[in-house]
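Given next are the chains, with one letter for each unit.
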Number of protein chains: 4
Amino acid sequence: MKNNIVDLQEKLSDMLNAQQDNFLQGKVADYIPALAKVSPNLAGIAVATIDGGVVGAGDYQRPFSIQSISKVPGLVMAMNRIGDSLWQRVNMEPSGQPFNSIIQLEWEKGIPRNPVINAGALLVADVLTSHFSASKLAFLSFMRTLAGDESIYIDQSVYQSELSHGSRNAALAYLMKSFGNIESEITDVLSHYFTQCSVAMNCQQLAQSLLFLANKGVDPRTNNVICSPKDTHRVNAILSTSGMYDQSGEFAFSVGLPAKSGVGGGLIAVVPNYGVICSWSPPLNKFGNSVVGVNLVSAIAQELGLSIYH
Amino acid sequence: MKNNIVDLQEKLSDMLNAQQDNFLQGKVADYIPALAKVSPNLAGIAVATIDGGVVGAGDYQRPFSIQSISKVPGLVMAMNRIGDSLWQRVNMEPSGQPFNSIIQLEWEKGIPRNPVINAGALLVADVLTSHFSASKLAFLSFMRTLAGDESIYIDQSVYQSELSHGSRNAALAYLMKSFGNIESEITDVLSHYFTQCSVAMNCQQLAQSLLFLANKGVDPRTNNVICSPKDTHRVNAILSTSGMYDQSGEFAFSVGLPAKSGVGGGLIAVVPNYGVICSWSPPLNKFGNSVVGVNLVSAIAQELGLSIYH
Amino acid sequence: MKNNIVDLQEKLSDMLNAQQDNFLQGKVADYIPALAKVSPNLAGIAVATIDGGVVGAGDYQRPFSIQSISKVPGLVMAMNRIGDSLWQRVNMEPSGQPFNSIIQLEWEKGIPRNPVINAGALLVADVLTSHFSASKLAFLSFMRTLAGDESIYIDQSVYQSELSHGSRNAALAYLMKSFGNIESEITDVLSHYFTQCSVAMNCQQLAQSLLFLANKGVDPRTNNVICSPKDTHRVNAILSTSGMYDQSGEFAFSVGLPAKSGVGGGLIAVVPNYGVICSWSPPLNKFGNSVVGVNLVSAIAQELGLSIYH
Amino acid sequence: MKNNIVDLQEKLSDMLNAQQDNFLQGKVADYIPALAKVSPNLAGIAVATIDGGVVGAGDYQRPFSIQSISKVPGLVMAMNRIGDSLWQRVNMEPSGQPFNSIIQLEWEKGIPRNPVINAGALLVADVLTSHFSASKLAFLSFMRTLAGDESIYIDQSVYQSELSHGSRNAALAYLMKSFGNIESEITDVLSHYFTQCSVAMNCQQLAQSLLFLANKGVDPRTNNVICSPKDTHRVNAILSTSGMYDQSGEFAFSVGLPAKSGVGGGLIAVVPNYGVICSWSPPLNKFGNSVVGVNLVSAIAQELGLSIYH
């Protein structure tokens, strides 16, 4: 059932149309001007499969700010670079903390609960900053290689906007530093982190870039080993328990796929041995996840029976 | 690969023998005398498959106190009884709170994070107490039916021991009541809850009893529908994000199966479309999970490639 | 300046009249029906001095439910009974926790922050229950002796109302019990505590009863030693840092007297070496303190220059 | 009784000698090298009275790093500069949070609990930085004027040491900034704050400098109004409920004076209408207060009957 991508194209359009009344249920991220000005009515959906298929609907070829989705390739880079020693500096447990991550970080003495909450991603950014001579370029290069597209770029207006509204992330980074868990200069860590977040990509590019997560670490288009099967497993596990902020449990409960969202409205979901789904629609629910995105991925997972918990 | 249970029998014995140096790494639960007196050197492992196979090694036919594993069938009974209204009284998010669930319960105004932490299981016990005329008998009867064994019993010494050391659970229940989220008398709720926990079963019985979770809700031995496919999915999702206390993320990361442990040393893991693994060994790690049990389930999952995140 | 109580009588009436527009700023406690039905327009004020004077205005001779003001004489009884060993079971630090005491109690492993938050008063109630053969009678008798009035009584409707809405206090008590910090049966502890809270007294009686706190432990009317100078000091210190719930700091900041309020609308303030002020007016501010009461005590303290921080 | 400072001189020496076995009970602050290298055996004590007397014993004329004692004059400067608007940005409640102030700061949305915890003092530093063209010079000048000694200086080695270990304070400042409660650049705020902390003064200077707090705001040596009677009252109230970190309640309970300690080992206590006590001894107890200092101030308060709670 999973492999008949032939008529999925048409279904995607129908699913997208079915969402048109739901855009108003969310709210576009407005903590930085550069995100706030994105139109709330845009939406795209793409599915890429490990056998080479790719289909899409709506604005699936329009670039958006990948934001926290960048935590996934960032994590892969860090695991590749420093191996298991990473897990002495960041945990892999769900956070269970709505909106309050600095409390938990204090509680757990500067060890972030997992690498896909902000504190954890800043820790990963510190690893990359410390272990690459030019970590921002390295990250961009990694994304271009994954996407097979050298035109992928950093949205400078988003980057500048993030930088000038980065106090909370600075607080997290300094708190980790006070516990001895940050090696680089905070300004460098933040600069790397905001660079990651400011990468602009579209649904198709993201879906195809992350196919290795559905294929035991191997990019099926190039046969390049992006990461080990073991680390692929780990990333999918973390995305399953923690990828959707404080809605992770509900997403597992109702959809059942490893996934990661970003406040730019993007959402990627990995279907092991099948492919990757990527949706984009800016209005967010109270958890910071795209309203229409969650609905679309849920609809596709149900239609094709993709859940890993069945 | 999954289906060749033929030579698994021998492997189970080998795996069990390989654990003999690890018993000392854990500590038998000692918060109640009835559990503290169980020998730390006992260990059993059983695997039951949906096609009818069952193999075991060690003390896999010796009954033990199922403790928190009872939260799984308890949840199934409550979902069957009151449907989706259950989810207005209990959430489905990972808790992220080591040892401190009462803090979170206060924080979230009497709504437990999920049904497999203590607060959530007490909420489920309240549902059962309120909606069955004789909920303790109903639970025992449900377990006997699932196991196909009318001899399954309540260990009265464990039950009495729990009752006389139940202050923390009483505090959780009263706190929920203060928020209006408990309907029955607290003494009845606690009595039901401790009864559930005090059921004695062995590894083989538990593995076979829970096969419906690996089979979309249908008991493969009787073809009885135990719960809907949707609710089966939900249970497996909750066990994946929250079943192993504050080690749930690490268990997903390194093993990758929906699972639930109990402080009696039992541990069940569901392999969708394949079967159920049940281990038992009393010494617990700092998270309250069986040391040898986690190792055994991990070894089997790896040997047979059972993870859902690959 | 302090000792001219002669013309204070008239000033009290003026001060009370000046409050008439402020009754609406508060809200009568409604967590139990017996308190909710008290008229919000009642108000009384009394000042008793250690040289034997007593003046009052408004409803200062009308009994009300003393509620948490009972924590003061309860504490004195417990200090007298078990001495310094009390301070191994309860701390003397401000709590700094708005509305969330169960979180702090968990955090600090069952040791209440101080004896005038609910958890601490329940601990004191446990001490009294454990060390008096009839602690409720003993408390009532203590209050009658202090007031020199054998007609002081328990308001049974308040007591019953408290009992049937006592879940949160039960949760606190069970949590302390789970840490081994409660000796008696929880039902007995709660019964004693609610009995204390349900004592009915008027402003004049309360002001006169607590004169020993302004007089180094000696009741100036009888010359009876109620408690040691050292313990008197301690009580006043605790009331100064913690007596007004999460408004204690602000009350010190703006008024500057050891004080204790109750949700029945009562408020007592100790003026060392001078006397005791007691006000009563049911509408409470968001901290649970009487709106008009805080204003009245503040006005008197300012008028007479009573603050201890000058 | 209070005013006979004649024979206090001899008593101070005796009291100091009586402490010689207690130095080992504490631990010199070691979070920065510049403090860690101070000898643990130094100790001084001075008492200055509003009628012009001053006595001292031990190392009472040897300068030390005033550290958090600087929060008191800093607060006075801010109150003088911006008036009551200060209290919209910082609260005046005891914190009740051992070691965990960032948790509370998050909880209360960037409003520090009071101006003498670190977060609150950083807020005050922001006020000074924003409202003085050269706030560091202004602070130093204020201290020199109060002490009547132009030789008071900033210990540059302490300042540099603080700067290079300032991550936790940076985290607090950035967290407040993320809630919109910091106006100046964080680096300026930290620089001001660490400058304040690095002022070196001796016991006699500190005791004399703060006499205005015991004299309704007027410096008794110059008759200069340092702050209003109302603000003097407020400072003393805050020091009474919150000046001794998480030992504030116990200090009130056993000593009974408005006080402030610093991790350099200094401790000042205000005796309204009498004078100021200042002790210095570097080894700290687990709360961060000087072991010998608390003992000395306690002994003097008891000897002279100085407590405000009697």
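Throughout this description, residue numbers start from 1 for each chain and increase along the sequence as written. In the order they appear in the text, chains get letters beginning with A and ligands get numbers beginning with 1. The predicted origin of the model limits local features to residues at a pLDDT of at least 70 and limits the giving and counting of side-chain atom pairs to 80 or more, whereas totals for whole chains, interfaces and linings rest on all residues. Hydrogens are left out, water is left out, and the side-chain values use all remaining heavy atoms of the structure.

*Asks:* Teacher, can you tell me more about the pattern of salt bridges here?
*Replies:* Side-chain pairs of opposite charge can arise where the charged atoms are in close proximity. What makes a salt bridge here is a side-chain nitrogen of Lys or Arg within 4 Å of a carboxyl oxygen of Asp or Glu, nothing more. Per the counting criterion, the structure on display carries 40 salt bridges over all chains. Linking B:D246 and A:R113 is a salt bridge whose minimum nitrogen-to-oxygen distance equals 2.7 Å. You can see B:D246 sitting in the loop between helix 11 (229-242) and helix 12 (248-254) and its partner A:R113 sitting in the loop between helix 4 (101-107) and helix 5 (118-131), one on each of two chains. Taken individually, B:D246 and A:R113 each receive the classification buried, so the pair is uniform in this respect. Among the ionic contacts, a cluster of salt bridges with common partners joins A:D84, A:D231 and A:R234. Runs of E in the DSSP output that reach at least two residues are strands. Runs of H or I that reach at least four are helices, and both are numbered from the N terminus. Exposure classes here rest on a 1.4 Å probe applied to the protein chains alone. A residue is buried below 20% of its type maximum, exposed above 50%, and partly exposed in between.

*Asks:* Could you clarify how one ought to interpret the interface of chain D and chain C in this entry?
*Replies:* Reports often express the size of an interface as the amount of accessible area lost when the parts come together. Taken residue by residue, the interface counts 39 residues in chain D and 39 residues in chain C. Buried surface area refers to the total accessible area, computed with a probe of radius 1.4 Å, that the two partners give up upon joining, counted for both partners together. Of the roughly 3100 Å² buried where chain D meets chain C, counting both sides, 62% is carbon and sulfur surface. For the chain D face of the interface with chain C, the top three residues by lost area are D:F253, D:Y309 and D:H310, together amounting to 27%. For the interface between chain D and chain C, the tally reads two salt bridges. Pairs of N or O atoms within 3.5 Å make up the polar contacts considered here, provided that, within protein, one atom can donate a hydrogen while the other can accept it, and that residues adjacent in sequence are counted only when both atoms are side-chain atoms. Applying the counting rule to chain D against chain C returns 16 residue pairs in polar contact (both at pLDDT 80 or more). Here, two residues are considered to be in contact whenever any of their heavy atoms come within 4.5 Å of each other.

*Asks:* Would you take a moment to explain the relation of the copies chain D and chain C for this structure?
*Replies:* Two chain copies here: they are related by a rotation about an axis and a translation along the same axis. When the copies are superposed, the least-squares fit takes in the C-alpha atoms of residues with a pLDDT of at least 70 in both. The two copies are related by a screw motion: chain D maps onto chain C through a turn of 180° and a shift of 0.0 Å along the axis, at an RMSD of 0.0 Å. Here the symmetry operator amounts to a two-fold rotation axis. The rotation axis passes nearest to the C-alpha of D:G96 in chain D, at a distance of 2.2 Å. Comparing interface residues between copies, 100% of those in chain D also lie at the interface in chain C; the contact surface is shared.

*Asks:* For this particular structure, what's the right way to read the environment of A:M244?
*Replies:* All names here are of chain A. Tracing the backbone shows M244 in the loop between helix 11 (229-242) and helix 12 (248-254). Classification of M244 as buried rests on a relative accessible area of 1%. Taking the C-alpha atoms as reference points, M244 and I268, 24 residues apart in sequence, are found 10 Å from one another. Dropping the residues within four chain positions of it, M244 is found in contact with F251, A259, K260, S261, L267, N289 and V294.

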